[in-house]
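# Examining the three-dimensional arrangement
Given next are the chains, with one letter for each unit.
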Amino acid sequence: MKNELYELYKQCFPKSQLSKELFLEEIDYENSNIIITQEHCHMVGASVVDKNALRLLCVAPSMQGKGYGEKLLKRSEEAIQEDGYEEAILYKSDRLFSDMNMDELKELHFFTHHNYKPVKCDVTTWGSKQLAE
């Protein structure tokens, strides 16, 4: 699954120069909850949750707009709540998103559409959302 997850990341963020080893380290692969969605036995989307932080959520470009991202986000938020957290945060990683302006990423509009609020003063968090109980 490591290779497939890395390839999905590279499809979604083709400007990234991050090696597979550094990618796996950055998402804390061994300690994070990896949530995947598949179609015809192929990974089309994945999210990475660590405690209450959503480290990564990506859907293959050819599969975007079909509801996979919303389902992954919902499952990620449920996992965060199940671990006892009342707030989900969007992890901001300079290594994962190098060469990308975080304020201009179209993907961030997806999160604002789902009630995430920007946190401009925090260097490790792009945004957060209070989760309903």
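The structure contained in this document is the topic of the report that follows. Everything numeric in this text was worked out from a predicted model, so none of it was measured. (Residues numbered from 1 in each chain as written. Predicted model: local features only at pLDDT ≥ 70, side-chain atom pairs only at ≥ 80, totals over all residues. Heavy atoms only, no water.)

### Topic: the overall build of the chain
The secondary structure content of the chain amounts to four helices and six strands. When the helices and strands of the chain are listed from N to C terminus, the series reads α-α-β-β-β-α-β-α-β-β. Residues classed as buried in the chain amount to 47% of the 133 residues present. Summarising the internal contacts of the chain: among those between residues at least 6 apart in sequence, 61% fall at separations of at least 24. Element-wise, carbon and sulfur atoms account for 48% of the exposed surface of the chain, whose accessible area totals about 7600 Å². (Helix = DSSP H or I, 4+ residues; strand = E, 2+ residues; numbered from the N terminus. Buried < 20%, exposed > 50% of the residue type's maximum accessible area, 1.4 Å probe, protein only. Contact = heavy atoms within 4.5 Å. Areas by Shrake-Rupley, 256 points an atom, 1.4 Å probe, with all protein chains shown as cover.)

### Some points on the pairing of strand β3 (residues 53-59)
Within a regular beta strand, the side chains point alternately toward one face of the sheet and then the other, so they alternate between its two faces. Of all seven residues in β3, seven are buried; the element is thus mostly enclosed. The pairing of strand β2 (residues 42-50) with β3 spans six bridges and is classified as antiparallel. If you follow S47 over to β3, its bridge partner there is L57. Hairpin connection, β2 to β3: the antiparallel pair is bridged by two residues, and K51 has positive phi, about 60 degrees. Here two bridges tie β3 to strand β4 (residues 87-91), and the two strands are oriented parallel to one another. Across the sheet, the residue bridging to A53 is I89, located in β4. (Pairing = 2+ DSSP bridges.)

### Some details on the pattern of salt bridges
Tallied over the entire structure, the rule returns three salt bridges. Close ionic contact of R55 with D50 constitutes a salt bridge, the shortest N to O distance being 3.2 Å. According to the relative accessible area criterion, D50 is buried, its value standing at 14%. Between E78 and K74 there is a salt bridge, with its nearest N and O atoms 3.4 Å apart. Highlighted residues: E78 and K74, both in helix α3 (residues 68-82), separated by four residues, approximately one helical turn. (Salt bridge = Lys/Arg side-chain N within 4 Å of Asp/Glu carboxyl O.)

### Some details on the pairing of β2
Most of β2 sits out of view: eight of its nine residues are buried. With seven bridges joining them, strand β1 (residues 33-39) and β2 adopt antiparallel strand pairing. Bridge assignment links T37 to a residue of β2, and that residue is G45. Remark: two residues form the turn of the hairpin made by β1 and β2, two consecutive strands paired antiparallel; H40 in that turn has positive phi of roughly 50 degrees.

By themselves, these are just geometric observations and shouldn't be taken as functional.
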